[in-house]
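# Structure at a glance
Residues per chain, in single letters:
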Amino acid sequence: MTDGLFSPLFGRGAGDTSGTAWLQAMLDAEAALARALEQSGRAPAGAGAAVTAAARAELFDEAEIGRQGARAGNPVPALVRALTAAVPEFAAPAVHTGATSQDILDTAAMLVARRAIEPAGADLAAAAAAAARLAGEHAGTVMAGRTLLQQAVPVTFGLVAAGWLTAIDTARARLGRVELAAQLGGAAGTLASLGAAGPQVAARFAAELGLAAPALPWHTDRQRVLDLAAALTGACAALGKVARDVTLLAQSEVAEVSEGTGGGSSAMPHKRNPVAAIVILGCTRRAPALLAGLAAAAEQEHQRAAGAWHAEWEPLADLLRLTGSAAAWSAELLAGLRVDGARMRANLDAAHGLPLAEHVAAVLAPGMGRLPAHDLVAQASAAAARAGRPLGEVLAGPPFAAAVAAAGVTPDQVAAALDPAAYLGAAGAFVAAALAAHRERDAG
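About the thresholds
Residues numbered from 1 in each chain as written. Predicted model: local features only at pLDDT ≥ 70, side-chain atom pairs only at ≥ 80, totals over all residues. Heavy atoms only, no water. Helix = DSSP H or I, 4+ residues; strand = E, 2+ residues; numbered from the N terminus. Rg over C-alpha atoms; globule rule 2.2 N^0.38 Å. Buried < 20%, exposed > 50% of the residue type's maximum accessible area, 1.4 Å probe, protein only. Contact = heavy atoms within 4.5 Å. Areas by Shrake-Rupley, 256 points an atom, 1.4 Å probe, with all protein chains shown as cover. Lys, Arg positive; Asp, Glu negative; His and termini not counted. Charge placed at Lys NZ, Arg CZ, Asp CG, Glu CD. Salt bridge = Lys/Arg side-chain N within 4 Å of Asp/Glu carboxyl O. Expected span 1.5 Å × (residues − 1). Arc of directions from axis to C-beta. Core = buried A, V, L, I, M, F, W, Y, C linked by side-chain atoms within 4.5 Å. Disulfide = S-S within 2.5 Å.

### Overview of the overall build of the protein
- A tally of regular secondary structure across the protein gives 19 helices and four strands.
- Computed over its C-alpha atoms, the radius of gyration of the protein comes to 30 Å, more than 25% above the 22 Å expected for a compact globule of 444 residues.
- For the protein, the spread of C-alpha atoms along the principal axes amounts to about 100 × 50 × 40 Å.
- Every one of the 444 residues in the protein was classed for burial, and the buried ones make up 48%.
- For the protein, contacts bridging at least 24 residues in sequence account for 77% of all contacts bridging at least 6.
- Summed over all atoms, the accessible surface of the protein reaches about 19400 Å², with 58% contributed by carbon and sulfur.
- Both charge centroids of the protein, one from 33 positive and one from 39 negative side chains, sit 2 Å from each other.

Below you can see the structure in the form of structure tokens.
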């Protein structure tokens, strides 16, 4: 799943969701079950250690297990046969006793998820730290706010970075709350083959793996899978937002940010493409469809699904892999992001004061009323846009100057209202709050 030509792009994270990773996770589940059976008196002494010693993926023919798995609809029966043959005879009764194939595969999915989330979490933390640094360094760097892709009132780049930070931290917290639980229910979720020892074996099985112990088997209750998928998709959404903003701000005509190491073009030598941002989007754009597929598979019949359970394995692995890759790329992107504050101010000034029209209207309102002030500034803004002149210059001339003076507003006050740095509202406070929340989260 991560091998091949595209793995440096879409499998960049340290988490492993390959077939080998799934094989090892299934073996780890079988070994933990053997230990739990021994601890509960359901397997001979030493059987747990013997199965654990044999449960190493490199000792098994992964391709052959996969081929045999095609006959059963999943690879667990073939793995059980191979593992049973690999352990001493006395330990054979401890292999897979009490379990069904779904128990092993569901538990393996939780292990693969945990092992993929851990490095992804580290990359998300690094991305958040870089966003926090940018927010602090640029808390006063004024730039154009943009709504519907048009210039709006001024903001600061620090506020933009603080928005990235809080979204990433929210995604980290949500991933941390996902319950990764063991699965052990036997043929139909009753553990009947283990008799009265069933609940004890299930609890010890979960403890051996460091997974949550559910109240009962969840064979056809796929809320945990959906919670995991939704949290991963949320992380992709947060990272995709960062990447999309960077691609827009890095456009040649905007040029307010650039990646530390931009990429070239096969046809246009002058270009420095925002490669990291582009690849992040290549990862994150696929997440919603994967989530939708997992949601569609969540309605499962009776005690074992016919096909819906099988439909989960690859989409979940893909979602883990792509989230991890997006996180790794994002950590690099934010750590090396170059911010051009002078260009930000120049782009804002190029709008000739029009983004500050709201502020000018607010200054005029006490002397002429809110709606007349709004209408006056709207007319002046339209005239300024038609003539390509600064808004302040238009307001200082006919026919607007007399109305401005009648409102008791001086030219200096109009000029002050057209200063972007004077109309940032709570931007500074919001940046400070985001940084404080980030510090508190990481300290906790």
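### Describing the environment of Gly19
- Structurally, Gly19 can be placed in helix H2 (residues 19-39).
- Residue classification places Gly19 among the partly exposed residues on the basis of a relative accessible area of 29%.
- Through-space distance from the C-alpha of Gly19 to that of Thr323 is 18 Å; in sequence the pair is 304 residues apart.

### Topic: the pattern of salt bridges
- The final tally for this structure, using the stated rule, is 17 salt bridges.
- For Glu179, the salt bridge goes to Arg224, with nearest N and O atoms at 2.8 Å. Here the residue Glu179 occupies a position in the loop between helix H7 (157-177) and helix H8 (198-209), and Arg224 occupies one in helix H9 (residues 223-249), the gap between them amounting to 45 residues.
- Its salt-bridge partner being Arg441, residue Asp442 comes within 3.5 Å of it at the nearest N-O pair.
- Take Arg441: its relative accessible area is 30%, and that puts it in the partly exposed class.

### Focus: H8
- Taking 1.5 Å as the rise per residue, H8 with twelve residues should run 16 Å; its terminal C-alpha atoms sit 17 Å apart, in good agreement.
- Among the residues of H8, those classed as buried are Gly198, Val201, Phe205, Ala206 and Leu209. Taken around the axis of H8, the buried residues stretch over an arc of 135°, which confines them to a single face. Opposite its buried face, H8 presents the exposed residues Pro199 and Ala207, each directed more than 90 degrees away.

### A word on the nonpolar core
- Counting residues in hydrophobic clusters, the biggest one holds 119 residues, and the most contacted among them are Val51, Phe157, Trp164, Phe205, Leu228 and Leu334.
- If you tally residues by element for this core, the top one is helix H6 (residues 101-137), at 18 residues.
- Not counting residues up to four positions away in its chain, the partners in contact with Leu228 are Met110, Ala113, Ile117, Val178, Leu180 and Leu316.

### Quick word on the state of the cysteines
- In the structure shown here, the tally under the stated rule is zero disulfides.
- The thiol of Cys236 is not disulfide-bonded; the next cysteine sulfur, from Cys283, is found 7.4 Å away.

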